[in-house]
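# Residue-level structural notes
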Amino acid sequence: MNAPADLFSRDGVVRHDWTREELRALFDLPFSELLHRAQSVHRLHFDPREVQISTLLSIKTGGCPEDCAYCPQAAQYETGVQASKLMDIEAVLSDARAARDAGATRFCMGAAWRSPKDRDLDAVCEMVVGVKGLGLETCVTLGMLTGLQASRLKDAGLDFYNHNIDTSPEFYGEIISTRTYQDRLDTLDAVRNAGIHVCCGGIVGMGETREDRVGMIQVLATLPTHPESVPINALVQVKGTPVSLGQELDGIEFVRTVAVARLAMPRSMVRLSAGREKMSAEAQALCFLAGANSIFYGPKLLTTPNPATDTDTLLLDRLGMRPMPI
């Protein structure tokens with residue numbers, strides 16, 4: 001496929017008018033050319049030696065009424081994940097201190113809800129205040145939010161809200177039926193209107209096509225304001241979930257997805273999220289070369305495994321990289 005004549009003349013420019021044709025052309029580039037362009041754009045906006053470090057804690061696990069086909073916390077799937085109550089605030093702060101002392105600069109808290117009840121939001125707001133008091137950036141993911149709930153979180157000092165779109169609009173119905181794509185976009189609007197930074201990305205390797213990866217990135221890159229943080233998750237196959245036997249995504253295709261996200265959203269943090277535990281050091285190095293500059297630090301992401309802290313520290317040392325200051 002021939003790329004549009006002016007596709008590369010605006011490398012590094014923040015745009016909100018990306019077409020699928022343009023994004024397909026990026027995916028279709030020779031691998032070395034794609035990585036060169038992505039790394040060049042990355043260097044325009046970031047120090048390529050720095051990686052932002054976050055830690056993710058499940059503050060309320062399991063029992064979720066949603067039917068997300070990838071999620072072991074959905075109540076309707078037999079995955080071995082037991083439902084729990086919301087954690088005690090002091091226990092959360094203890095984990096936040098440990099994360100800070102291990103080098104994290106952002107502490108993310110996730111609860112397996114469709115949407116939070118007001119009484120639950122009271123406790124989460126206290127957690128946000130406490131984590132901020134430790135000198136950490138704060139992020140939560142709680143499901144769908146109303147505008148009023150988003151404003152309450154903003155008043156508590158919340159820095160980021162995570163709410164992924166997961167995949168393309170076309171493939172979305174194959175993965176989730178209990179909330180619509182527009183529901184997700186409405187929550188993003190509520191978060192943005194409240195003045196909270198947006199963390200929003202998706203999952204690859206669920207059986208989607210490259211066109212679905214194009215569609216997912218186009219939705220993100222044509223939002224009125226790009227998400228400040230864009231997590232790119234590789235599916236962690238959990239027995240009992242409908243996509244536990246899904247296709248294995250080719251590692252080179254995953255790196256291409258990271259590179260296209262970097263080119264389409266040049267000033268966003270692009271985070272290597274779920275799935276790193278099974279990635280080789282070489283694959284992760286290629287992702288950093290493609291413009292990824294954020295990772296989750298710590299042995300677990302909600303309920304799935306993640307590389308040990310020592311493993312990540314060694315990898316960054318080997319690559320001559322360092323944690324990004326807050």
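These lines cover the structure that appears in this document, whether it is placed above or below. Here the structure is a predicted model, which is why all the values come from computation and not from measurement. (Residues numbered from 1 in each chain as written. Predicted model: local features only at pLDDT ≥ 70, side-chain atom pairs only at ≥ 80, totals over all residues. Heavy atoms only, no water.)

Right, let's talk about the packing of helix H2 (residues 31-45) against helix H9 (residues 251-264) for a bit. The N-to-C vectors of H2 and H9 enclose an angle of 40°; their axes lie 9 Å apart at closest approach. Judged by the sense of rotation from one axis to the other, the crossing of H2 with H9 is left-handed. Of the residues in H9, those touching H2 at Phe31, Leu34, Leu35, Arg37, Ala38, Val41 and His42 are Ile252, Val255, Arg256, Ala259, Val260, Arg262 and Leu263. Grouping the constituent residues of the contact of H2 with H9 by class yields ten nonpolar, one polar and three charged. (Axes fitted to C-alpha atoms, helices over the stretch in contact; angles between N-to-C directions. Helix = DSSP H or I, 4+ residues; strand = E, 2+ residues; numbered from the N terminus. Left-handed = near helix turned anticlockwise from the far one by under 90°. Contact = heavy atoms within 4.5 Å. Nonpolar A, V, L, I, M, F, W, Y, C, P; charged D, E, K, R; others polar.)

So, about the side chain of Asp120. Following the sequence through the fold, Asp120 ends up in helix H4 (residues 118-133). Salt bridges are absent for the buried Asp120, whose nearest opposite-charge side chain, Arg119, sits at 4.5 Å. When residues no more than four places from it in sequence are discounted, the contact partners of Asp120 are Leu86 and Trp113. (Buried < 20%, exposed > 50% of the residue type's maximum accessible area, 1.4 Å probe, protein only. Lys, Arg positive; Asp, Glu negative; His and termini not counted. Salt bridge = Lys/Arg side-chain N within 4 Å of Asp/Glu carboxyl O.)

With that out of the way, let us pick up the pairing of strand S7 (residues 229-234). S7 sits mainly inside the fold: six of its six residues count as buried. Alternating residues of S7 divide into Ser229, Pro231 and Asn233 and Val230, Ile232 and Ala234, and every residue in both groups is buried. Examined bridge by bridge, strand S6 (residues 202-204) and S7 share three bridges and lie parallel to one another. Its bridge partner lying in S7, Val204 is registered against Ala234. Remark: the S6/helix H8 (residues 210-221)/S7 crossover connection has right-handed handedness. Relative to strand S8 (residues 269-272), S7 runs parallel, the two being bridged by four bridges. Directly across from Ile232, in S8, lies its bridge partner Leu272. (Pairing = 2+ DSSP bridges. Right-handed = clockwise from strand over helix to strand, strands pointing away.)

Okay, the state of the cysteines next. The full count for this structure, using the stated rule, is zero disulfides. There is no disulfide at Cys68, and the cysteine sulfur nearest it, in Cys71, is 6.0 Å away. On the accessibility criterion, Cys68 (7% relative accessible area) is buried. As a non-bridged cysteine, Cys139 has Cys108 as the owner of its nearest cysteine sulfur, 4.0 Å distant. Cys139 gets classed as buried once you look at its relative accessible area, which sits at 4%. (Disulfide = S-S within 2.5 Å.)

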